[in-house]
Amino acid sequence: MSNTMRKVCSPGAGETAAHTVAHKPLRRFSIVLRSIWRRGEGKFTLIVLALWLAVALVSLVWTPQSLWTTDGYHVWAKPSASHWLGTDGTGADVFSWLMAGSRTNLLIVVLTVALSAVWGLALVAAMVARTPALAGTSVVVVDALISIPTVLIALILAVPLGASIAVIVVACGFGYGLNLARVARPAALLAARSAYVESARANGASGRRVLVSHIIPNILPVLAVQLSLSAGTAVLAESGLTYLGIGVPSGVPSWGHSLATSVKLINVFPLTVLWPGLIVTVVVVALNVFGDVLRDAVDPVANPALRQAVAQSAGAADNATTNPSAAPVARNTGVSEIAEDDGEGAER
Amino acid sequence: MRFVVRRLLLFVAALFGLSVVVFAALRILPGDVASIMAGVNAPPEKAAQLREQLGLNRPLVIQYLDWMGALLHGDFGTSILTGRSVTSLVASRASITFPLIILGLLIALAIGLPLGCAAVLARSARVRAAFHVLAIIGGAVPALWSGLLLILLFGKGTGLVGILPSQGFPMDGWTTPGRALLALILPALSVGIIVGASLMRYTRSALGDLADSGYIDMARSCGMTRTQAVLRVGLRLATPQLVSVIGLTFASMITGVMVIENLFALPGIGNGLVTDVGNRDLIAVQSELFLLAAFFLGVGLVVDVLHRILDPRLKSADTVSEVAA
Amino acid sequence: MSIQVRDLTITIGGKPIVSDADLDIADGERVGLIGSSGSGKSMISKAMLGLLPRNATASGSIVMGSTDVIGLHERALADLRGRYVGTVFQNPAASLNPVMTVGQQIALPLKLHYDLTKAERAERVAVMLAKVGLDGEVTGKYPHELSGGQQQRVGIATALITSPRFIIADEPTTALDSVTQRQIVDLLTSLVDGAGASMLFITHDFSVLARATTRCYVLDAGRIVESGPTAELLASPATAQARELVSAARLLTLRAGGKEESHD
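Cut-offs applied
- Residues numbered from 1 in each chain as written.
- Chains lettered and ligands numbered in written order.
- Predicted model: local features only at pLDDT ≥ 70, side-chain atom pairs only at ≥ 80, totals over all residues.
- Helix = DSSP H or I, 4+ residues; strand = E, 2+ residues; numbered from the N terminus.
- Buried ≥ 20, exposed ≤ 12 C-beta atoms within 10 Å, placed from the backbone.
- Contact = placed C-beta atoms within 7 Å.
- Pairing = 2+ DSSP bridges.
- Axes fitted to C-alpha atoms, helices over the stretch in contact; angles between N-to-C directions.
- Arc of directions from axis to C-beta.
- pLDDT = per-residue confidence, 0-100.

Some points on the overall build of chain B
Phase 1 of the analysis: Across its full length, chain B holds 14 helices and 0 strands.
Phase 2 of the analysis: Across chain B, helices and strands are ordered from the amino to the carboxyl terminus as α-α-α-α-α-α-α-α-α-α-α-α-α-α.
Phase 3 of the analysis: Each principal axis of the C-alpha distribution contributes one length, and for chain B these read about 80 × 65 × 35 Å.
Phase 4 of the analysis: Expressed as a percentage of the 325 residues in chain B, the buried residues total 41%.
Phase 5 of the analysis: The contacts of chain B with a sequence gap of at least 6 include a subset with a gap of at least 24, amounting to 68%.

What to know about the environment of C:Val127
Phase 1 of the analysis: Relative to the helices and strands, C:Val127 is located in helix α4 (residues 118–131).
Phase 2 of the analysis: A sequence separation of 34 residues divides C:Val127 from C:Ile161, and the C-alpha atoms of the two residues are 9.3 Å apart.

What to know about the sheet that holds strand β3 (residues 30–34) of chain C
Residues and elements named next belong to chain C.
Phase 1 of the analysis: As summarised here, the arrangement of the 6 strands in space is β6-β7-β8-β3-β9-β10, forming an open sheet in which the pairing is mixed. If you trace the sheet from one side to the other, it starts and ends with β6 (85–88) and β10 (223–229), each paired once. Strand after strand, the sheet turns through a mean of 15° between neighbouring axes, direction not considered.
Phase 2 of the analysis: Together, β3, β6, β7 (166–170), β8 (198–203) and β9 (215–220) form the strand contacts of helix α1 (residues 41–49), whose direction differs from that of β7 by roughly 145°.

Observations concerning unusual backbone geometry
Residues and elements named next belong to chain C.
Phase 1 of the analysis: Phi is positive for Ser163, which is not a glycine, with a value near 50°.
Phase 2 of the analysis: Tracing the backbone through its elements, the reader meets Ser163 in the loop between α5 (148–160) and β7.
Phase 3 of the analysis: Classification of Ser163 as partly exposed rests on a count of 13 C-beta atoms within 10 Å.
Phase 4 of the analysis: The phi dihedral of Glu171 is positive, around 50°, even though this residue is not glycine.
Phase 5 of the analysis: If you trace the backbone, Glu171 turns up in the loop between β7 and α6 (178–195).

Comments concerning the interface of chain B and chain A
Phase 1 of the analysis: Counting from both sides, the interface comprises 42 residues of chain B and, opposite them, 36 residues of chain A.
Phase 2 of the analysis: Secondary structure elements with two or more residues in the side of chain B that touches chain A: α1 (2–27), α6 (125–138), α7 (143–154), α10 (226–256), α11 (258–263), α12 (269–279) and α13 (282–310) of chain B.
Phase 3 of the analysis: In terms of residue count, α13(B) provides more of the side of chain B that touches chain A than any other element does, 8 residues in total.

Here we look at the sheet that holds strand β2 (residues 15–25) of chain C
Residues and elements named next belong to chain C.
Phase 1 of the analysis: Here 4 strands make up an open sheet; going across it, the order is β2-β1-β4-β5 and the pairing antiparallel. Looking at strand neighbours, the two that pair on one side only are β2 and β5 (67–68), the edges of this open sheet.
Phase 2 of the analysis: Bridge count between strand β1 (residues 3–12) and β2: 7 bridges; the pairing is antiparallel. Note that in β2 the partner of Ile12 across the bridge is Lys15.

A closer look at helix α9 (residues 195–202) of chain A
Quick reminder: α-helices carry 3.6 residues per turn. Residues three or four places apart thus point the same way.
Residue and element names in this part refer to chain A.
Phase 1 of the analysis: Restricting attention to buried positions, one finds in α9 the residues Tyr196, Val197 and Ala200. Around the axis of α9, the buried residues are gathered within 95° of arc, so they sit on the same side. α9 presents Ala195, Glu198 and Ala202 as exposed residues on the side facing more than 90 degrees away from its buried surface.
Phase 2 of the analysis: Just past α9, the residue Gly204 takes up positive phi, approximately 90°.

Here's the deal with the confidence of the model for chain A
Residues and elements named next belong to chain A.
Phase 1 of the analysis: Taken over all residues, the pLDDT of chain A has a mean of 76, while the share at 70 or more is 78%.
Phase 2 of the analysis: Here helix α14 (residues 326–342) is the element of chain A with the lowest mean pLDDT, 35, and helix α5 (residues 94–127) is the one with the highest, 91.
Phase 3 of the analysis: Confidence drops under pLDDT 50 across residues 1–22; counting only partners more than four residues distant or on other chains, this segment forms 27 contacts.
Phase 4 of the analysis: Throughout residues 317–348 the model reports pLDDT below 50, and contacts reaching past four residues in sequence, or to other chains, amount to 70 contacts.

This is how it looks when you write it as structure tokens:
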């Protein structure tokens, strides 16, 4: 296969490089996944996230009780064989709603992460831009906006929009994007001012290409942590906003909805209160831990298997500077050498 | 000094920008504001009267300038639903929220700082790992759930050890300080535990980075033990960072306790704001949002300035960074 | 104070960093320890001070005067540090406490070990400042307001303020330019000799070592491969590792104004 990949990469031959990379993400993905699985906490987080996905998918076609069967004779029922966690004030099955809630939360998390990634990266691009006015202004604006809490943004949005998933997604995506930009800026700035970017620019690479093939690979570890944190915080935010009546609208299942229901259940059967909160806590823990293990897994310095794969592909493309993945390795290796110097052989 | 001036200008600019955003957000309501506020079944005359009364039929720019002009004179308008002035509404709510978050922050500090230090100082790797797990779990608990669990444990009527009130605030407010304080204990604990976990994480990471630094080696080489060096030099060096974090945490708690206020039926700022949003009480919401945003920006300003004062390196770096920028 | 190091072995996570090192420093002697970066030389100094990272273990013995510091309790080690053993660090910018004034920094060992009044401390600090060639007015300044050379003078003053019997200088000149390097080395050696203390001078640079020490040890990959009078070693290195270091030093001296930069 390396024969087909061995093409001349002249300056501006980015398309060729991108083409040969086509099947590589999959391989790299499996390497990353495997190195996460190898660690104890990695297993925990992968299992929790897989269960979440599975339950969300299953709930689309099956729940123990239909979501919409309400039983007027069995409101506030205690847990039983047919209602594992009892019923709520309309006689709907609490367990089924909890199960179905996982799909809404999954949707919210995916949308929030996507929005905060796009918005955050746009801000990062502006902050490391070569126009001093743009860079300066964006840094100042991010600093000013970052102190405004997500809930406040959600409240502003809730006035025109009412309770809706969009309120959660936009408010969280906006706020977390700011956080992402602030945290990723130092690494991005380092990459943007590196020799690789200089040479890429000299070869006529566009700003967008520099962002995609040099800056993003370099901030990947930061990105992994921040986006996982965003995912976890989005789950927490959903529960809070929905409880306050400005998140997921009533009639749509979500964990926040289940938590809010459990508040009312407290006088009926207190122990059912534990479940929605426990699920949210476990999922958020898993998402936060996922960020840490993902960071180590996508960092070529910390992950030798990935380093090998990247080095191979860098060798396959003749010109290292035009290869999207070559830059971070080269820089990171440099950093690790310095670290070894400082540690006086502590690494050996 | 130039930094403070620049930061103040930014504060004013951000405040202005926010006032526009808040104003605009509340005017793009789907449908006619006045008729929504008047209610679904109200006769059209009522809506018209409201429109007239609120000046909603005037151009937006005039409405905005009117609002701003009044704000600058300290007049935050009148809630349409209750007829009370927004100033007195906010003041009565703040008399619950501020004690609540101060109490919550104190609890959080009492939990977070010692645990954060202990996590850095612990000799055994296993103990450090245990602290790590504790911090991660503490940061993943929804506020609503920690409140529920505390009610289950200590709430009067429902709790295993039902000793503390879990619903409402005394009608006569702080005239009976003991009862008022008692009503705030469970809510403050609920929020304090969660914020405490986050402060613990910040303390641990700020102090942990410093504990391996040359500053600590230097202090130890002068004759301090590791514990002394971490607590005296490390904590002092981490102070600017921690003050920033604590300041911003304090600000964010105002809205962070919204859920807790709601759960414990405390008529605080957050709870009141949610009620007003639900009621579409345009004037009240508009001014409350502006006040809150101003508060957050203000805290951000104070925190930034404090940070400068606490870190002598930044005072002179100021001029350098300006040249570099 | 005389120092005997016997069979010193330091491991981190099971990997040996230093193996069976033997070192002797006589009373009043200036001894060098030279090795390329990663050879483990700083770990030896850290072991002497009890400043090894927590995942490191040390075995063997390090006898200072009559005390074996290996396995000594942190409290007892802290009593030694700053009182009988002074340390000059590689990078003053990364070790001098940034929120302490120069005066407070230099007075710190006095404050920790001796019961003196504020005025007595200030007096000794003033005397020390004059000895290291700094103006009295730097007392109220913060480290970041000083040049690299001035910062290192503050570092030396802090290390020597209590008149310790043993000085560990861990690459004290690496972060400085070559002119300042020479000044700092000369200052350090004259002060150490004046006080009659012994010194362990750690570096990777033979040209500095020749100025600072009379005898030296060459460390490679955690093992001491060669030792002897510095001048002899410099003239005719016996091992390949020593030859490499010597030729590197010649290259450095030849390169006009060749500057060493810190990686921090």
